[in-house]
Amino acid sequence: MKLWGGRFEEGSSALLERFNASITFDKKLYRYDILGSLAHAKMLHSIKILNDKEYADICHGLQEIESEISNGEFTFNISDEDIHMAIESALTQKIGQAGKKLHTARSRNDQVALDFRMYVLDSNYNIRQQILELIEVIITLAKSHTKTLMPGMTHLQHAQPINFGFHLVAWCCALKRDIERLESSFVRNNFMPLGSGALAGTPYETDREMIARELGFKAPTLNAMDSVSDRDFALDVLYDLAMLGMHISRIAEELVLWSSYEFKFITISDKYATGSSIMPQKKNPDVPELVRGKSGRLYGNLISLLVVMKSLPLAYNKDTQEDKEPVFDSVENITISLEILKETLKTLTINKDNMLKACKIGHLSATDLADFLVKTSNIPFRQAHHITGKIVAYAESKHCDISDLSEDEIIGLDPTIKSGIKEVLDIAHSMESRKSLGGTSSTQTMQQICTLETWLQSTKDTIPNTKPTYTQHISTSNNPSK
């Protein structure tokens, strides 16, 4: 007999069992379900719905079930439908009638809203920690390359000389925003839905503030109907991870390009590359390619849940059962992607000579010539731009870079140009001249790195304050023997 089967005269069909059940995937929430049940039991005990023995039996029974699941000794039956009923059924078998009292003043609607929210907030915290570790690796690499010249690009065309550390700092800025986005989502969703019942609250004099404190939430949710139907917290994390996936996909794309023979700016370690089944000479950048490919899954998971939620009337609907697998998939894929990207970057070889050679292609210091004309000849930038274009065309006709032209050649092409231009066209000089705030000069790059390091340390110091405290609270507060 189903726990909800009192009004039914016929049993469920086997087909319905398979179609309706979520136990195959929501068993991942078992620890959160048990923690929420322990906190709920403590509250029921405090308002005299559970006596001392019933409360003790429930706590001990739930702790035994958690141990059995963790050790792989628990049998999940599809007839139990979901993790909530699986645990409640097992608890009732262990301790008898007291197990049936645990569901007083709650519904599976608010129970799953709690379990899933705890999973999301826990994952949010763990992913932020991973991003911090990735940023640390990138900053360490950047500090070693504030004078390593490389071509900065727009439209994937050589544009202006930069240093490699400057490019890496740009990566860190995007990842910093990802952490800030996740922090914002955590704060916005750190509210406790249990006690909302099916949709309208309960007639019992429950203490939702107590449960929120026990589980480490900021406060209980405001409205019961919204609490059981809200999946914004899941959509928030899916959006945050899609954005993060986009950023690391862009990093991965550059690793793919830079490791090609056309660039050869970097060499990926053999530990994080693969070969070809037919071409023995190949060394393929499969790690960054897979990281790049994962972004499609992350986008798909976000769109999937948005479509599920877009037309649902309040309050809870069974459609919402489709919320978990996209989130589980995104969390698992971003977790391994961040880990392997970090290890790949730690083991990169940077080919500085090839980067420098590339800086001699594409007239990277052409803008410096135009700026020199503006400063020394007091002409409008557009006129300077036109003059510089003619000199670039001349260098092209000689099959050389503009920086390789002699000063006499350049001055001979236009009377506006004054002496001193040769130094201005030097690639290193060009990079170092960009000392404006946020620019690519070595000193500016180091200032950016210092700013990031200060932020990084501050975030590492404060991030433990946002760690979900479920385990800590439950282990000390819900053990009747303490």
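Conventions used here
- Chains are numbered independently. Their residues run from 1 in the order of the written sequence.
- Whole-chain, interface and lining totals are the exception, using all residues; otherwise, since this is a predicted model, local features are given only for residues with pLDDT of at least 70 and side-chain atom pairs are given and counted only at 80 or more.
- Excluding hydrogens and water, the side-chain figures rest on all heavy atoms present in the structure.
- UniProt positions are given in the numbering used here, feature names are shortened, and annotations may be inferred rather than shown by experiment.
- By the criteria applied, helices consist of DSSP H or I runs no shorter than four residues and strands consist of E runs no shorter than two, each listed in order from the N terminus.
- Two things to know: the radius of gyration comes from C-alpha atoms, and the globule rule equals 2.2 Å times the number of residues to the power 0.38.
- Any two residues having at least one pair of non-hydrogen atoms within 4.5 Å are treated as being in contact.
- Methods summary: accessible areas were calculated by the Shrake-Rupley approach with a probe of 1.4 Å, and residue burial reflects only the protein chains presented.
- Positive charges come from Lys and Arg, negative ones from Asp and Glu, while His and the chain ends are left out of the count.
- Each charge is placed at NZ for Lys, CZ for Arg, CG for Asp and CD for Glu.
- A cavity, in this analysis, means grid points on a 1 Å lattice covering only the protein atoms where a 1.4 Å probe fits yet has no way out; a pocket is instead an open set bounded by protein on both sides within 12 Å along at least five of seven lines, and a residue lines either one if it has an atom within 4 Å of a point.
- Grid points are joined across faces, edges and corners, and a volume is the space filled by probe spheres set on the points.
- Note on residue categories: nonpolar means Ala, Val, Leu, Ile, Met, Phe, Trp, Tyr, Cys or Pro, charged means Asp, Glu, Lys or Arg, and polar means any other residue, Gly included.
- Segmentation into domains, and thus their bounds, comes from an automatic or database assignment.
- Axis lines are fitted through C-alpha atoms, for helices just across the contact stretch, and the angle between N-to-C directions can take any value from 0 to 180 degrees.
- Orientation labels follow simple angle bins: below 35 degrees gives roughly parallel, above 145 gives roughly antiparallel, 65 to 115 gives roughly perpendicular, and whatever is left gives oblique.
- Rotating anticlockwise by less than a right angle from the far helix to the near helix defines a left-handed crossing, while the corresponding clockwise rotation defines a right-handed one.
- Here, a salt bridge means any Lys or Arg side-chain nitrogen found within 4 Å of an Asp or Glu carboxyl oxygen.
- Whether a residue is buried, partly exposed or exposed follows from its accessible area with a 1.4 Å probe, protein chains only, as a fraction of its type maximum: under 20%, in between, or over 50%, in that order.
- A patch consists of residues exposed above 30% relative accessible area that lack any salt bridge, with like charges linked at up to 9 Å and nonpolar side chains (Val, Leu, Ile, Met, Phe, Trp, Tyr) linked at up to 5 Å.
- In summary, the pairing rule links any two rings of Phe, Tyr or Trp, Trp by its six-membered ring, whose centres are within 6.5 Å, and it sorts them by plane angle into stacked for under 30 degrees, edge-to-face for over 60 and tilted for everything else.
- Geometrically, a charge over a ring is one whose NZ (Lys) or CZ (Arg) sits within 6 Å of the ring centre while staying within 35 degrees of the ring normal.

In the nomenclature of an unreviewed UniProt entry, the protein chain is known as Argininosuccinate lyase of Helicobacter fennelliae MRY12-0050. As recorded by UniProt, the Catalytic activity (unreviewed entry) comment attached to the protein chain reads in full: "2-(N(omega)-L-arginino)succinate = fumarate + L-arginine". Quoted verbatim from the Subcellular location (unreviewed entry) heading of the UniProt record, the comment on the protein chain is "Cytoplasm".

**Quick notes on the overall build of the protein chain**
When helices and strands are counted, the protein chain shows 21 helices and six strands. Taking 23 Å as the expected radius of gyration for a compact globule of 482 residues, we find that the protein chain reaches 30 Å, considerably beyond that expectation. Projected onto its principal axes, the C-alpha positions of the protein chain cover 100 × 50 × 45 Å. Considering only contacts within the protein chain whose residues lie at least 6 apart along the sequence, 76% involve residues at least 24 apart. Total accessible area computed for the protein chain in this model is approximately 22900 Å², and 54% of it derives from carbon and sulfur atoms. Seen as two clouds, the 53 positive and the 62 negative side-chain charges of the protein chain have centres 2 Å apart.

**Describing empty space enclosed by the protein**
One water molecule sets the probe size; rolling that probe over the atoms shows where empty space is left. Per the stated rule, a full pass over the model turns up two cavities of 30 Å³ or more. If you add up the space inside the largest cavity, you get close to 40 Å³. Looking at the largest cavity, the residues that line it are Val120, Leu121, Asn124, Ser185, Phe186, Asn189, Phe233, Asp236 and Val237. Here the lining of the largest cavity is composed, by residue class, of five nonpolar, three polar and one charged. Of the volumes computed, that of the second largest cavity is approximately 30 Å³. As for the second largest cavity, its lining consists of Asp33, Ser37, Leu62, His84, Ile87, Glu88, Leu91, Leu102, Arg106 and Gln111.

**Some remarks on the domain arrangement of the protein chain**
Here the domain parsing of the protein chain yields domain 1 (12–103), domain 2 (107–146 + 163–205 + 217–350) and domain 3 (359–431). Relative placement of domain 2 and domain 3: their C-alpha centres are 46 Å apart.

**Quick notes on the packing of helix 7 (residues 108–143) against helix 8 (residues 164–189)**
Here helix 7 crosses helix 8 at 165°, and the two axes come no closer than 9 Å. Considering the angle they form, helix 7 stands roughly antiparallel to helix 8. With respect to the hand of their crossing, helix 7 and helix 8 are arranged in left-handed fashion. Residue composition of the contact of helix 7 with helix 8, by class: 19 nonpolar, four polar and five charged.

**Considerations on the pattern of salt bridges**
Within this structure, the stated rule accounts for 29 salt bridges. Here Asp270 ties to Lys283 by a salt bridge, and the two come within 2.7 Å at their closest N and O atoms. Here Asp270 is found in the loop between strand 5 (266–267) and helix 12 (286–309), whereas its partner Lys283 is found in the loop between strand 5 and helix 12, with 13 residues between them in sequence. Residue classification places Asp270 among the exposed positions, given a relative accessible area of 63%.

**Examining the layout of surface pockets**
By volume, the largest pocket amounts to about 290 Å³. Together, 14 residues line the largest pocket, and Ser259, Tyr261, Lys264, Lys283 and Asn284 are the ones closest to its centre. In terms of residue class, the lining of the largest pocket is built from six nonpolar, five polar and three charged.

**Side note on a nonpolar patch on the surface**
Where nonpolar side chains cluster on the molecular surface, the patch consists of Leu199, Met225 and Leu314 and spans about 260 Å² of accessible area. By the element assignment, Leu314 lies in the loop between helix 12 and helix 13 (324–346).

**Focus: the packing of aromatic side chains**
One pair of aromatic rings is described through two measures. These are the centre distance and the angle between the planes. Taken as a whole, this structure holds eight aromatic pairs when the rule is applied. Pairing Tyr32 with Tyr119 gives two aromatic rings, centres 6.1 Å apart and planes at 85°, and the pair type is edge-to-face. Of this pair, Tyr32 sits in helix 3 (residues 30–46) while Tyr119 is found in helix 7, placing the two residues 87 residues apart along the sequence. Between Phe263 and Phe265, the aromatic rings sit 5.3 Å apart at their centres with planes inclined by 85°, giving edge-to-face as the arrangement. Pair check on accessibility: Phe263 and Phe265 agree, each one buried. Grouping aromatic residues by their ring pairs yields a cluster made of Tyr32, Phe116, Tyr119, Phe233 and Phe328. Over the ring of Phe116 we find Lys324; its NZ or CZ atom is 5.5 Å from the centre of that ring.

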